Protein chains: 2
Amino acid sequence: MIDNTAMQVFVFHTPELVPKGTPDCAVAVDVLRATTTIATALARGAEAVEVFADLETLNERSTAWPAECLLRAGERGGKQVEGFDLGNSPLDCTPERVAGKRIFMSTTNGTRALQRIQHSPVVLTAAFVNLGIVAKFIASQHFETVWVVGSGWQGSFSLEDAACAGALVDRLGGAGNDEAFAAAALYETWKDDLVELLEQASHGQRLLKLGCLTDLVFCASLDTVAALPRQTEPGVLVQALG
Amino acid sequence: MIDNTAMQVFVFHTPELVPKGTPDCAVAVDVLRATTTIATALARGAEAVEVFADLETLNERSTAWPAECLLRAGERGGKQVEGFDLGNSPLDCTPERVAGKRIFMSTTNGTRALQRIQHSPVVLTAAFVNLGIVAKFIASQHFETVWVVGSGWQGSFSLEDAACAGALVDRLGGAGNDEAFAAAALYETWKDDLVELLEQASHGQRLLKLGCLTDLVFCASLDTVAALPRQTEPGVLVQALG
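Please read all numbers here as calculations on a predicted model, not as lab measurements. (Residues numbered from 1 in each chain as written. Chains lettered and ligands numbered in written order. Predicted model: local features only at pLDDT ≥ 70, side-chain atom pairs only at ≥ 80, totals over all residues. Heavy atoms only, no water.)

**Details of the relation of the copies chain B and chain A**
Here's step 1: When chain B is fitted to chain A, the residual RMSD is 0.0 Å, and the transformation amounts to a turn of 180° plus an axial shift of 0.0 Å. In the structure described here, the two chain copies are related by an operation that fits a two-fold rotation axis. It is Leu186(B) whose C-alpha, among those of chain B, lies nearest the rotation axis, at 3.0 Å.
Here's step 2: The share of interface residues of chain B whose copies in chain A are also at the interface is 100%, consistent with both copies meeting through the same surface. (Least-squares fit on C-alpha atoms with pLDDT ≥ 70 in both. Contact = heavy atoms within 4.5 Å.)

**Remarks on the layout of surface pockets**
Think of a ball as big as a water molecule: rolled over the atoms, this probe shows where empty space is left.
Here's step 1: As a volume, the largest pocket reaches approximately 660 Å³.
Here's step 2: Contributing to the lining of the largest pocket are 36 residues, with Ser156(A), Phe157(A), His13(B), Asn177(B) and Glu179(B) lying nearest its centre.
Here's step 3: Counted by class, the lining of the largest pocket contains 13 nonpolar, 17 polar and 6 charged residues.
Here's step 4: The wall of the second largest pocket is formed by 20 residues, among which Val169(A), Gly174(A), Ala175(A), Phe181(A) and Gln200(B) lie closest to the centre.
Here's step 5: Contributions of two or more residues to the lining of the second largest pocket are made by α6 (159-172) and α7 (178-190) of chain A together with α7 (178-190) and α9 (202-209) of chain B.
Here's step 6: The leading source of residues in the lining of the second largest pocket is α7(A), at 5 residues. (1 Å grid on protein atoms, 1.4 Å probe; cavity = no way out; pocket = protein on both sides within 12 Å on 5 of 7 lines; lining within 4 Å. Points joined across faces, edges and corners; volume = space filled by probe spheres on them. Nonpolar A, V, L, I, M, F, W, Y, C, P; charged D, E, K, R; others polar. Helix = DSSP H or I, 4+ residues; strand = E, 2+ residues; numbered from the N terminus.)

**Observations concerning the interface of chain B and chain A**
Here's step 1: Between chain B and chain A, the residue contacts involve 18 residues of the former and 18 residues of the latter.
Here's step 2: On the surface where chain B and chain A come into contact, there are 0 salt bridges.
Here's step 3: Inspection of the chain B/chain A interface yields 7 residue pairs in polar contact (both at pLDDT 80 or more).
Here's step 4: Sorting the residues of the side of chain B that touches chain A by element identifies α6 (159-172), α7 and α8 (194-200) of chain B as the ones contributing at least two each.
Here's step 5: Of the residues forming the side of chain B that touches chain A, the biggest block, 8 residues, is contributed by α7(B).
Here's step 6: Of the residues contributing to the side of chain B that touches chain A, the split by class is 9 nonpolar, 6 polar and 3 charged. (Salt bridge = Lys/Arg side-chain N within 4 Å of Asp/Glu carboxyl O. Polar contact = N/O pair within 3.5 Å; in protein donor to acceptor, adjacent residues only side chain to side chain.)

**Description of the confidence of the model for chain A**
Caution is warranted with low-pLDDT regions, since their predicted coordinates should not be read in detail.
Here's step 1: Summing up the model confidence of chain A, the mean pLDDT is 94 and the portion of residues at 70 or higher is 98%.
Here's step 2: The ipTM value of the predicted complex is 0.89, and its pTM value is 0.92. (pLDDT = per-residue confidence, 0-100.)

**Focus: a nonpolar patch on the surface**
Here's step 1: A grouping of Leu208(A), Leu213(A) and Val217(A) is seen on the molecular surface, where their side chains present a nonpolar patch of about 220 Å² in accessible area.
Here's step 2: Within the fold, Val217(A) resides in helix α10 (residues 213-219). (Patch = residues over 30% accessible without salt bridge, like charges linked within 9 Å, V, L, I, M, F, W, Y side chains within 5 Å. Areas by Shrake-Rupley, 256 points an atom, 1.4 Å probe, with all protein chains shown as cover.)

**Structural notes on helix α4 (residues 110-117) of chain A**
Here's step 1: Of the positions making up α4(A), those classed as buried are Gly110(A), Thr111(A), Ala113(A), Leu114(A) and Ile117(A). The arc that holds the buried residues of α4(A), viewed along the axis, is 160°, so those residues lie on one side. (Buried < 20%, exposed > 50% of the residue type's maximum accessible area, 1.4 Å probe, protein only. Arc of directions from axis to C-beta.)

**Overview of the packing of aromatic side chains**
Here's step 1: Applying the stated criterion to the full structure yields 8 aromatic pairs over all chains.
Here's step 2: Centroid distance Phe181(A) to Trp190(B): 5.3 Å. Interplanar angle 35°. Geometry classified as tilted. Pair noted here: Phe181(A) is in helix α7 and Trp190(B) is in helix α7, and the two residues belong to different chains.
Here's step 3: Relative accessible area serves as the criterion here: at 16%, Phe181(A) is assigned to the buried category.
Here's step 4: Of the residues examined, Trp190(B) reaches a relative accessible area of 17% and is grouped as buried.
Here's step 5: Cluster of aromatic residues (ring-pair linked, three or more members): Phe52(A), Trp65(A) and Phe104(A). (Phe/Tyr/Trp six-rings, centres within 6.5 Å; stacked < 30°, edge-to-face > 60°.)

**Comments concerning the pattern of salt bridges**
Here's step 1: Applying the stated criterion across every chain, the model contains 14 salt bridges over all chains.
Here's step 2: With a closest N to O distance of 2.7 Å, Arg61(A) and Glu50(A) form a salt bridge. Remark: Glu50(A) occurs in strand β3 (residues 48-51) and Arg61(A) occurs in helix α2 (residues 55-63); sequence separation between them is 11 residues.
Here's step 3: We note a salt bridge from Glu16(B) to Arg112(B), for which the minimum N-O separation is 2.5 Å. Linking Glu16(B) in the loop between β1 (8-12) and β2 (25-29) with Arg112(B) in helix α4 (residues 110-117), this pair joins segments that are 96 residues apart in sequence.
Here's step 4: Taking the relative accessible area as the measure of exposure, Arg112(B) reaches 22% and is therefore partly exposed.
Here's step 5: A single network of salt bridges, built from pairs that share partners, joins Glu47(A), Glu50(A), Arg61(A) and Arg102(A).

**Side note on empty space enclosed by the protein**
All names here are of chain A.
Here's step 1: The tally for this structure, following the rule as stated, stands at 4 cavities of 30 Å³ or more.
Here's step 2: Along its surface, the largest cavity is lined by 17 residues, and Asp30, Leu32, Asn109, Trp153 and His203 are the ones closest to its centre.
Here's step 3: Taken together, the residues of the lining of the largest cavity sort by class into 3 nonpolar, 9 polar and 5 charged.

**As for the side chain of Ser120(A)**
All names here are of chain A.
Here's step 1: Mapped onto the fold, Ser120 is located in the loop between α4 and β7 (122-126).
Here's step 2: Residue class for Ser120 comes out buried when judged on its relative accessible area of 10%.
Here's step 3: Not counting chain neighbours up to four residues away, the residues in contact with Ser120 comprise Thr22, Pro23 and Ala26.

**Brief notes about the packing of α7(A) against α7(B)**
Here's step 1: Where α7(A) contacts α7(B), the axes come no closer than 8 Å and their chain directions differ by 80°. On the basis of the axis angle, α7(A) is roughly perpendicular to α7(B). Residues Phe181(A), Ala182(A), Ala185(A), Leu186(A), Thr189(A) and Trp190(A) of α7(A) touch α7(B), and the partners they reach there are Phe181(B), Ala182(B), Ala185(B), Leu186(B), Thr189(B) and Trp190(B).
Here's step 2: Looking at the contact of α7(A) with α7(B), its residues break down into 10 nonpolar, 2 polar and no charged. (Axes fitted to C-alpha atoms, helices over the stretch in contact; angles between N-to-C directions. Parallel < 35°, antiparallel > 145°, perpendicular 65-115°, else oblique.)

Set out below in structure tokens:
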């Protein structure tokens, strides 16, 4: 654990549970798969990832962007939106495909957490793949209050996001609420077998049925992607790693 | 773990998160302290515990009951309601005080969980003190669906209720949702040090500030009270132990 005794980390399992107010730093988590994909796309050279709650706004905004500089990534119910360049799989984000491109993304749940916290002074996204980098950055900033917001699934708790939030609490210390304390215990119990944890998660099971085992294994890997996704304007994330 | 593979146990951390529908069996949990006190009162011979969301209805209903056969138990913000016979401490429930009496009870949070599930065919209350008895009864009934509902604190997650719900999942098997799975991990991590867990919980810390350490230690004790509180009519719990 990083020594950071003044910092308090609060975990909220769904966007709906986020209270009013603004923390010093807010972190959106959607391990399966939006924030894993965002980290991967940025690490592989995407210029930015811009997230949208609905496909209509995405289509509208992407039309105004030079066609050769963009990719449209869309997922509904775990499947790629028809006619889009990408779904929500981090494995699709090869350097060949994403380098230099702006990715216009809309996912079932991943975008709601970001929307709920987009007015915080510092907004990041985290997943297991870039956990250490996000934790190290947060610790270096001496924030007093950090909110970690899970995306959940259609408004309810999500096991993989709770565990990832718990991993952040574990690294940063200072559980600010009961949710943070419990999330750290969940991570502590499962940290050596995150693939098994994701297979147990209801959304993990949903993805397995769709044939996404390799995605799941990728999303369960700790510290394998060098990305610090940070919001520059509402909904727009860029690589902020030095 | 009891072998009960057909049973699915769903955990909801607050009454607000309980979905529509009706399970075969619903269990309300408010470890600190309503459901610990209910179990203790019934084990020490109380005729019944009747719970109320508001003090006005409690006063109205208790007036219609023979004065020598009732006690009024009320708590707001951790403190005893003025003029009431009891607060919300299980330690006040001595046989001398409660035997043969109906306890009219209202607590800040404990009653809301019960209200939310009161129309299920079987309604129980559980705490650490009577966990084994409740688990054994549930297992013997071969229910398909069991809901465990935490009381939380003013609408948010409560660590001690999550751990107690997790203990039920641990004993019964068959985590039905991600919350149940995570709750079981929380219990697994802390089962040998429940006093420490309750001291870490935000409501535990609130009670410690009010000088309630002995209450907290009592509420953290596993299987020390022989009670199976079961609802006979909405809001009325009686001892259903053989």
